[in-house]
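Spelled out from the first residue to the last, the chains are:
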Amino acid sequence: MTVDMVGWQFPNYRVEVGRGEDTKVYYMGTRDRVPMPLALKPMRPVEYYQKPPGINYMAFVKSPMGIMVCLMLFMVVVMPRMTAALEGMDEDGQQEARQAPRPVNDSQEQIDERERLLRKFYKKYNPAALEKDDGEYVARVARRFTTPDLNAALRKRYDNQDLDSVR
């Protein structure tokens, strides 16, 4: 026996009709008897429509358009912060990195005087610089930069102190 009702699903029954009170009702496919009098109860409501699947955000991120959006957000949000952090780098290192080595047209006496003043300056304000590269750092800086360029870099880094402060 099958019961059809819109919106509800009922179990299927097997009915054996006998003489008189000898009728037996079983659930279809089993030997379990249904108690009498027969009361038909629905198992569950019928779902006629499937629910649409939810949004899969990872599928969007993995798509070419999602990758482009992620890269754009990286460039807009992260890159400015990275460049701002790089701007706070060591000013001497940044200045050396920006400027290509150029020949200084000073005489050897001027370079030696600049090196002497620079050693005196670093002895007073930054003794660790004298030990860099076995003392060659000071000589290299004195050869590479003119006195005005060197004074400008030292003023930025050492609170307006320059080579004139150690003469």
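Above this note sits the structure.
Residues numbered from 1 in each chain as written. Predicted model: local features only at pLDDT ≥ 70, side-chain atom pairs only at ≥ 80, totals over all residues. Heavy atoms only, no water.

Peer 1: Please clarify how the overall build of the chain should be interpreted in this entry.
Peer 2: For the chain, the helix and strand inventory stands at six helices and five strands. The order of helices and strands in the chain, counted from the N terminus, is β-β-β-β-β-α-α-α-α-α-α. When burial is assessed residue by residue, the chain has 20% of its 167 residues classed as buried. Of the contacts formed within the chain by residues at least 6 apart in sequence, a portion of 51% connects residues at least 24 apart. When the accessible surface of the chain is summed, it comes to about 13000 Å², and 57% of that surface belongs to carbon and sulfur atoms. (Helix = DSSP H or I, 4+ residues; strand = E, 2+ residues; numbered from the N terminus. Buried < 20%, exposed > 50% of the residue type's maximum accessible area, 1.4 Å probe, protein only. Contact = heavy atoms within 4.5 Å. Areas by Shrake-Rupley, 256 points an atom, 1.4 Å probe, with all protein chains shown as cover.)

Peer 1: Would you take a moment to explain the sheet that holds strand β1 (residues 4-5) for this structure?
Peer 2: What holds strands together in a sheet is hydrogen bonding between their backbones, with the strands either parallel or antiparallel. Read across the open sheet, the three strands follow the order β1-β2-β5; overall the sheet is antiparallel. For this open sheet the edge positions go to β1 and β5 (44-45), each flanked by a neighbour on one side alone. Where strand β2 (residues 8-9) lies against β5, two bridges are found, and the strand directions are antiparallel. Among the inter-strand pairings, Q9 is bridged to a residue of β5, identified as R44. (Pairing = 2+ DSSP bridges.)

Peer 1: What exactly am I supposed to notice about helix α6 (residues 147-157) here?
Peer 2: Side chains of residues three or four places apart in an α-helix project in the same direction, reflecting 3.6 residues per turn. Of the positions making up α6, those classed as buried are L150, N151, A153 and L154. Looking straight down α6, one finds its buried side chains confined to an arc of 165 degrees; they lie on one side. When the buried face of α6 is taken as reference, the exposed residues oriented beyond 90 degrees from it are P148 and K156. (Arc of directions from axis to C-beta.)

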